[in-house]
Amino acid sequence: MRGTQILFVGLLWFFCVYAPSSFCANVTYDHRALVIDGKRRVLVSGSIHYPRSTPEMWPDLIQKSKDGGLDVIETYVFWNLHEPVQGQYNFEGRADLVKFVKAVAAAGLYVHLRIGPYACAEWNYGGFPLWLHFIPGIQFRTDNKPFEAEMKRFTVKIVDMMKQESLYASQGGPIILSQVENEYGNIDAAYGPAAKSYIKWAASMATSLDTGVPWVMCQQADAPDPIINTCNGFYCDQFTPNSNAKPKMWTENWSGWFLSFGGAVPYRPVEDLAFAVARFYQRGGTFQNYYMYHGGTNFGRTTGGPFISTSYDYDAPIDEYGIIRQPKWGHLKDVHKAIKLCEEALIATDPTITSPGPNIEAAVYKTGSICAAFLANIATSDATVTFNGNSYHLPAWSVSILPDCKNVVLNTAKINSASMISSFTTESFKEEVGSLDDSGSGWSWISEPIGISKSDSFSKFGLLEQINTTADKSDYLWYSISIDVEGDSGSQTVLHIESLGHALHAFINGKIAGSGTGNSGKAKVNVDIPVTLVAGKNSIDLLSLTVGLQNYGAFFDTWGAGITGPVILKGLKNGSTVDLSSQQWTYQVGLKYEDLGPSNGSSGQWNSQSTLPTNQSLIWYKTNFVAPSGSNPVAIDFTGMGKGEAWVNGQSIGRYWPTYVSPNGGCTDSCNYRGAYSSSKCLKNCGKPSQTL
């Protein structure tokens, strides 16, 4: 029905204003639940971020979510995706937010639109556009007039777009909730008293936009009325909202954890995830969202971190490629079904919670003839408990669901879904017939010049911070200097470089001399590289790389990157040390062929006749291939490559870095789901590349 309504935008508005509300959903809330058209609802939600998959995938992902028992799809709105240049908007392709929301509506599901517009989300710069940083006098996420003006302008833009397409529930559309700000309560103390006035401002700005649906703030204990404060975490059963007039809502139940380059792959056992879900509904929750239900891919340069991988799989019930992950998807579907059997009792009353034994908790929802119960064993060993005169065996760390207060329809530790491991079939590249490339390998290549090669280079005294210099137009910034050395050729010295990160390469006289890399825990790079200088003029070219910009933390927008120094030549022949930091350096933002477009260089420049260079830095590679037939997902295996970025048909599919191998220790063959989960508890893939596909 909702899909049909969207087709009649003009009529709809007429009916919403003048007709009874049968066409339009009235969404409010009370202390128990969201109330849709006068009825309290128990809702199961899942996060799917539209730009992390392709529009062709959206209908299938949404249908698989619906088949898995979801009622709601939750997504952030990514400001820097939609307004990459101030005043210039992009809502096409993977950025087509309206198309995504309509696809959810067509499947008969609701939408929770988290406008933010700060997202975090392991997304570049937390979702803020970099141009925001250069507005005079601006301070992000605090009571600051320039910031509030921009935040309001973008929020209004998104709300107006949704209203124009009649996408709010009050207009007959699917959007039943919106979020403003995001996890600010985790870091607001750093902003002092201005944080409180900022949150009040954000709340009143949002509610003034008259969407006709409730607004939430996650992790914001002081969210002002009528904003609902909600919980994020691995467990939210103990959470209580800041007013007994607000329902208990969980906006992010982390289904796994994100992957960093150089890290092992985190996963979360489904028994623990199901336990957390059941505990939340047991203790009065009525809205729970999986973050993520489908994680997807960080295409292009959208990863944050720094060092977040291109894969945003998140061990979600639907994997990065859109394939159902079993037994996670199936077991959670069974959990949702069992909880929905209790819905009538859950919405009718508050639970009565008792403890029939040590570490055992019973919650009963009873009104008249309706009764539903949950029995939880929060210990790490099995137990038997007597409840309502009957004996129940409760496995460790599990919840049994009894929709009639008597018969167990599901225990969260007992899985009925078969495990399935999906795998790719490897095909070697099939070359396109009539390809320009005559080489036997099917590949051609071109060398990126070392050092300054573009006409827009410039010189400055001192070492410049990278993000302020590149405005994130590229991952790359060249720092170049030439120095005169007296005396014999071949003098040995050490080049000492300190950088805010995230990685760097040093070239002496056009040859690579050494490299340094930070990691997700410590982005800074300090290296001592032994170098050989010649008598006379020597060129030192330092290439600094970012690997996704910081997306979380107080004042994260000011943390910086690049070679801020000092840069010192130590142990010259005469025993002296030369500090190059304050000398004149020449700078180049980005790479020559990055600007030209890697596939656009004239075919004459691409070398296909000689042997393909290997183990060399700064080489572009290109080939043509025939895409496999069918609609199954296709991935490229980058094993054997170093670090770089890949494009298919001119679209960047993201960064690759298979040579960044995870530490050998910390992984387990099987992870014991009993007991509290943390992001480092269950790891796999130790001693291997973080991501190869």
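Residues numbered from 1 in each chain as written. Predicted model: local features only at pLDDT ≥ 70, side-chain atom pairs only at ≥ 80, totals over all residues. Heavy atoms only, no water.

An unreviewed UniProt entry annotates the protein chain as Beta-galactosidase originating from Glycine soja. We quote the UniProt Sequence similarities (unreviewed entry) comment for the protein chain here in full: "Belongs to the glycosyl hydrolase 35 family." As its UniProt record puts it under Catalytic activity (unreviewed entry), the protein chain is described as follows: "Hydrolysis of terminal non-reducing beta-D-galactose residues in beta-D-galactosides." (UniProt positions renumbered as here; feature names shortened; annotations may be inferred.)

Trainee: Please give an account of the overall build of the protein chain that cites residues and values.
Mentor: When helices and strands are tallied, the protein chain shows 12 helices and 36 strands. Its C-alpha radius of gyration of 28 Å places the protein chain within 12% of the 26 Å reference for a compact globule of 693 residues. Projecting the C-alpha coordinates of the protein chain onto the three principal axes gives extents of approximately 95 × 60 × 55 Å. Looking at the 693 residues of the protein chain, the share that counts as buried comes to 56%. In the structure as shown, the protein chain presents an accessible area of about 28100 Å², 52% of it carried by carbon and sulfur atoms. (Helix = DSSP H or I, 4+ residues; strand = E, 2+ residues; numbered from the N terminus. Rg over C-alpha atoms; globule rule 2.2 N^0.38 Å. Buried < 20%, exposed > 50% of the residue type's maximum accessible area, 1.4 Å probe, protein only. Areas by Shrake-Rupley, 256 points an atom, 1.4 Å probe, with all protein chains shown as cover.)

Trainee: Let's hear about the UniProt feature "domain: Glycoside hydrolase 35 catalytic" (unreviewed entry) in the protein chain: which residues, and what values?
Mentor: Within this numbering scheme, the UniProt entry marks residues 34-338 as carrying the feature "domain: Glycoside hydrolase 35 catalytic" (unreviewed entry). Helix makes up 27% of residues 34-338 and strand 19%, with an end-to-end C-alpha separation of 20 Å.

Trainee: Pulling in residues and values, what's your account of the pairing of strand 34 (residues 644-648)?
Mentor: As judged from the five bridges shared by strand 34 and strand 35 (residues 651-656), these two strands associate in the antiparallel manner. Counted as the bridge partner of Trp647 is Ser652 from strand 35. The turn linking strand 34 back onto strand 35 is made up of two residues, and Asn649 within it adopts a positive phi angle of 50 degrees. (Pairing = 2+ DSSP bridges.)

Trainee: Describe the sheet that holds strand 15 (residues 360-367), and please don't skip the residues or the numbers.
Mentor: Spatially, five strands are ordered 14-15-16-19-20 in an open sheet, and the strand pairing comes out antiparallel. In the strand order of this sheet, the two ends are held by strand 14 (352-357) and strand 20 (410-411), each with one partner. By the bridge criterion, two bridges tie strand 19 (residues 398-402) to strand 20 in an arrangement that is antiparallel. Bridge assignment links Ile401 to a residue of strand 20, and that residue is Leu410.

Trainee: How would you summarise the sheet that holds strand 1 (residues 27-29) if you had to cite specific residues and measurements?
Mentor: On the basis of which strands lie adjacent, the open sheet formed by three strands has the order 1-2-3 and antiparallel pairing. Every interior strand has two partners, whereas the edge strands, strand 1 and strand 3 (39-41), have only one. Shown here is a sheet whose adjacent strand axes are inclined to one another by a mean of 40 degrees, direction ignored. Alignment of strand 1 against strand 2 (residues 34-36), held across three bridges, turns out to be antiparallel. Each residue of the ladder has a partner; that of Thr28, found in strand 2, is Val35. (Axes fitted to C-alpha atoms, helices over the stretch in contact; angles between N-to-C directions.)

Trainee: Could you give me a rundown of the pattern of salt bridges, with the residues and numbers involved?
Mentor: In total, this model carries 27 salt bridges according to the counting rule given. The closest approach of N and O atoms between Arg325 and Asp313, which form a salt bridge, is 2.8 Å. On the criterion of sequence distance, the pair formed by Arg325 in the loop between strand 13 (304-305) and helix 9 (328-341) and Asp313 in the loop between strand 13 and helix 9 is long-range, its members being 12 residues apart. For the salt bridge of Lys328 with Asp315, the shortest nitrogen-to-oxygen distance reads 2.7 Å. Here Lys328, found in helix 9, pairs with Asp315, found in the loop between strand 13 and helix 9; they are 13 residues apart in sequence, far enough to count as distant. This pair shows no difference in class: Lys328 is buried, exactly as Asp315 is. Through salt bridges with shared partners, a single ionic network connects Asp237, Arg279, Arg283 and Glu361. (Salt bridge = Lys/Arg side-chain N within 4 Å of Asp/Glu carboxyl O.)

Trainee: Give a description of helix 7 (residues 193-207) that names residues and reports values.
Mentor: The first and last C-alpha atoms of helix 7 sit 22 Å apart over 15 residues, in line with the 21 Å expected at 1.5 Å per residue. For helix 7, every residue scored as buried is listed here: Ala195, Tyr198, Ile199, Trp201, Ala202, Ala203, Met205 and Ala206. Those residues of helix 7 that are buried are in contact with helix 6 (145-164), strand 7 (175-180) and strand 8 (215-218). (Expected span 1.5 Å × (residues − 1). Contact = heavy atoms within 4.5 Å.)

Trainee: Quick rundown of the packing of aromatic side chains? Include the residues and the values.
Mentor: The final tally for this structure, using the stated rule, is 48 aromatic pairs. Relative to Tyr660, the ring of Phe307 has its centre 6.5 Å away and its plane inclined at 85 degrees; by these criteria the two rings are edge-to-face. Here Tyr660 lies in the loop between strand 35 and strand 36 (683-684) and Phe307 lies in the loop between strand 13 and helix 9, a separation of 353 residues in the sequence. Given the relative accessible area of 16%, Tyr660 is considered buried. Lying over the aromatic face of Tyr89, Lys157 brings its terminal NZ or CZ to 4.0 Å of the ring centre. Positioned above the aromatic ring of Tyr235 is the side chain of Arg268, whose terminal nitrogen or guanidinium carbon lies 5.3 Å from the ring centre. (Phe/Tyr/Trp six-rings, centres within 6.5 Å; stacked < 30°, edge-to-face > 60°. Lys NZ or Arg CZ within 6 Å of the ring centre and 35° of its normal.)

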